[in-house]
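Here are the chains, one letter per residue:
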Amino acid sequence: MATPVRLGRKRQLPVSPNPLFVRWLTEWRDEATSRGRRTRFVFQKALRSLRRYPLPLRSGKEAKILQHFGDRLCRMLDERLQQHQASGGAAIVLTLYTLASSVQLLSKLFNLHRLSSGGLLAPAQPRVRGPGNYWPARHSGARAVLLLLYQEHLNPSGCNFLTKEEMLERCVQRAPKVAPGSTQPWPALRSLLHRNLVLRTHQPARYALTPAGLELAQKLAESEDLSTLNVGTRLEEPPGMEPEVPGTSSAKLTRDGEVQQPPLELRPEEYRVLLCVDVSEATGAGHRPELLRELERLHVSHIVRKLHIGDFVWVAQETSPKDPARPRELVLDHIVERKRLDDLCSSIIDGRFREQKFRLKRCGLGRRVYLVEDHGSIQNLSLPESTLLQAVTNTQVIDGFFVKRTADIKETAAYLALLTRGLQRLYQGHTLRSRPWRNPGHPEPGAEPSPSPLCSLLTFSDFNAGAIKNKAQSIREVFARQLMQVRGVSGEKAAALVDRYSTPASLLAAYDACTTPKEQEMLLSTIKCGRLQRNLGPALSKTLAQLYCTCGPLT
């Protein structure tokens, strides 16, 4: 059977300005792949970065300006280049590139001359473009985002960043293509992140301009004849848009497209304090319904909700809401995690114990109570009493929780009733205000300090949404959770490790840069961890080196 003939024009492949470096990196990558070494990933990333670089390099040292080129890789290229020059190939790098570029240039000139002589080519007007020849269209979402971030950058009282909700609020007037009701990242914002024009940090996400994005935004502002003063105060309204109605400037658009009212404020006579019980504590057989019966017997006002973190929280609920089905609520700064001894044993064994404590410390509430409830004979548990006592002691001394020990479920209900009445007395006569989500002790930059931190609280929706366990996570967060599975790596140690090496790839590259196995074992030993800034230590550093540097099964 005859081979089918492919018709059409063959696309001319671009000529690499550094053919020797590309060839050597390809050889090293293939050799590392055949031997099963992790350095193949380093060579592959360096090769991809080199192919994108349009200029010739005279030495390996010059390649250090490229991404994924470290000192060791540049030294290897210089050594290989010296061997090549000693064998009689001194100027082949620039010669090949010059010849290939000349051929391509002559071909382009010939084609241009042929088109222009036939009247097929019309003169084009020059167009100013931003970094990387990217120029967003007028009234597009990308242009609106860049100009809004540029406005925030020039604002003397601004924070140099915007959250997604703030951009939704401002972009909805400038760019109708930006859909405020979408739960997925907008294509415009995703494109800017991909082009490295916008930087995303923190959780919840904050967006700011990179140096390249700042340069492009400045050119966009100049092209629209926006002065520095106008851009720093208020962006120009697009044609056809009506001015904002007075009195509605404080309203915001949420991700679901609903109008969110100004920050919530509840006066002393406008709310009541309720105990909020997780639905897992109120359903099922055995002791769970008994807890609710005990709370009712003690006349404790409570509601049952789905909580993504903790078992009990307290909410200040609006007493006369505009919508009786959806009263507004603020979460008081107290949370309780309840563990029976048998559940405590199983959570220590399967790793939930440390993971839950880590999430509790990041839930946005400052006063955390770990309630341990006795259950049956301690001799019948799967862990010895000394192990349980040590775990509870570490929770109080190291993690900073308040640990409460109760004898049975009746004493647990009595303790919750005591806390509820105590909080009702504590907040009596106070005006409560909502605040943005943040970790305790880490205020938002630029935020004004509250006159009474006790009365600056999270809304229930923000608290519960921020504590979702299976929400989308970044590589850094997944890497931290992976490190915490290693025995001896706590949350503080994992945080210190990811601050130094934010991804597994960066840690593997650091290991590959080490010259000896001993150097690999001591690589992480001097990383400072925790509030006392103690070293990670050689023992844990050796364990992690064995985990990430051993190709075969661990022994």
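Remember, it's a predicted structure, so these values are computed and weren't measured experimentally.

Enquirer: Requested: an account of the overall build of the protein chain, with residues and values cited.
Expert: The helix and strand inventory of the protein chain stands at 20 helices and 16 strands. Within the protein chain, the proportion of its 555 residues that are buried is 37%. Within the protein chain, contacts between residues separated by at least 24 positions form 67% of all contacts whose residues are at least 6 apart in sequence. Here the protein chain displays about 33200 Å² of accessible surface, and carbon together with sulfur accounts for 54% of that area.

Enquirer: How would you summarise helix 16 (residues 475-483) if you had to cite specific residues and measurements?
Expert: Taken as a whole, helix 16 has its buried residues at Phe479, Ala480 and Leu483. One side of helix 16 holds all its buried residues, which, seen down the axis, span an arc of 100°. Against helix 17 (491-500), helix 18 (504-513) and helix 20 (538-549) lie the buried residues of helix 16.

Enquirer: An account of the sheet that holds strand 3 (residues 206-209) is needed here, citing residue identities and associated values.
Expert: Sheets are built from strands paired through backbone hydrogen bonds, the pairs being either parallel or antiparallel. Ordered in space as 1-3-2, the three strands form an open sheet in which the pairing is antiparallel. Of all strands in the sheet, those bounded by a partner on one side alone are strand 1 (162-163) and strand 2 (198-201). Bridge analysis of strand 1 against strand 3 gives two bridges, and the strand direction is antiparallel. Within the sheet, the bridge partner assigned to Thr163 lies in strand 3 and is Arg206.

Enquirer: Quick one: what's the story with the pairing of strand 3, residue by residue and with numbers?
Expert: Taking every second residue as pointing to the same face, both faces of strand 3 are buried, with Arg206 and Ala208 on one and Tyr207 and Leu209 on the other. Bridge analysis of strand 2 against strand 3 gives four bridges, and the strand direction is antiparallel. Looking at the pairing, Leu199 lines up with Ala208 of strand 3.

Enquirer: Tell me about the packing of helix 5 (residues 141-154) against helix 8 (residues 211-223), residues and numbers included.
Expert: Interhelical geometry of helix 5 versus helix 8 gives an angle of 100° and a closest axis separation of 9 Å. Here helix 5 is positioned roughly perpendicular relative to helix 8, judged by the angle of their axes. When helix 5 is examined against helix 8, the residues Arg143, Leu146, Leu147, Tyr150 and His153 are found in contact with a partner set consisting of Gly213, Leu214, Leu216, Ala217, Gln218, Leu220, Ala221 and Ser223. Broken down by class, the residue content of the contact of helix 5 with helix 8 amounts to eight nonpolar, four polar and one charged.

Enquirer: With reference to specific residues and values, describe helix 2 (residues 39-51).
Expert: Along its 13 residues, helix 2 runs 18 Å from first to last C-alpha, staying within 8% of the 18 Å computed at 1.5 Å per residue. Packed against the buried residues of helix 2 are helix 1 (19-34) and helix 3 (71-86).

Enquirer: Please set out unusual backbone geometry residue by residue, giving values where relevant.
Expert: With a phi angle near 60°, His299 is a residue other than glycine that sits in the positive phi range. Relative to the helices and strands, His299 is located in the loop between helix 10 (287-297) and strand 8 (302-305). The backbone phi angle of Gln533 is positive, close to 55°, even though this residue is not glycine. Looking at the element boundaries, Gln533 is found in the loop between strand 15 (528-529) and strand 16 (534-535). By relative accessible area, Gln533 is classed as partly exposed at 46%.

Calculation rules
- Residues numbered from 1 in each chain as written.
- Predicted model: local features only at pLDDT ≥ 70, side-chain atom pairs only at ≥ 80, totals over all residues.
- Heavy atoms only, no water.
- Helix = DSSP H or I, 4+ residues; strand = E, 2+ residues; numbered from the N terminus.
- Buried < 20%, exposed > 50% of the residue type's maximum accessible area, 1.4 Å probe, protein only.
- Contact = heavy atoms within 4.5 Å.
- Areas by Shrake-Rupley, 256 points an atom, 1.4 Å probe, with all protein chains shown as cover.
- Arc of directions from axis to C-beta.
- Pairing = 2+ DSSP bridges.
- Axes fitted to C-alpha atoms, helices over the stretch in contact; angles between N-to-C directions.
- Parallel < 35°, antiparallel > 145°, perpendicular 65-115°, else oblique.
- Nonpolar A, V, L, I, M, F, W, Y, C, P; charged D, E, K, R; others polar.
- Expected span 1.5 Å × (residues − 1).

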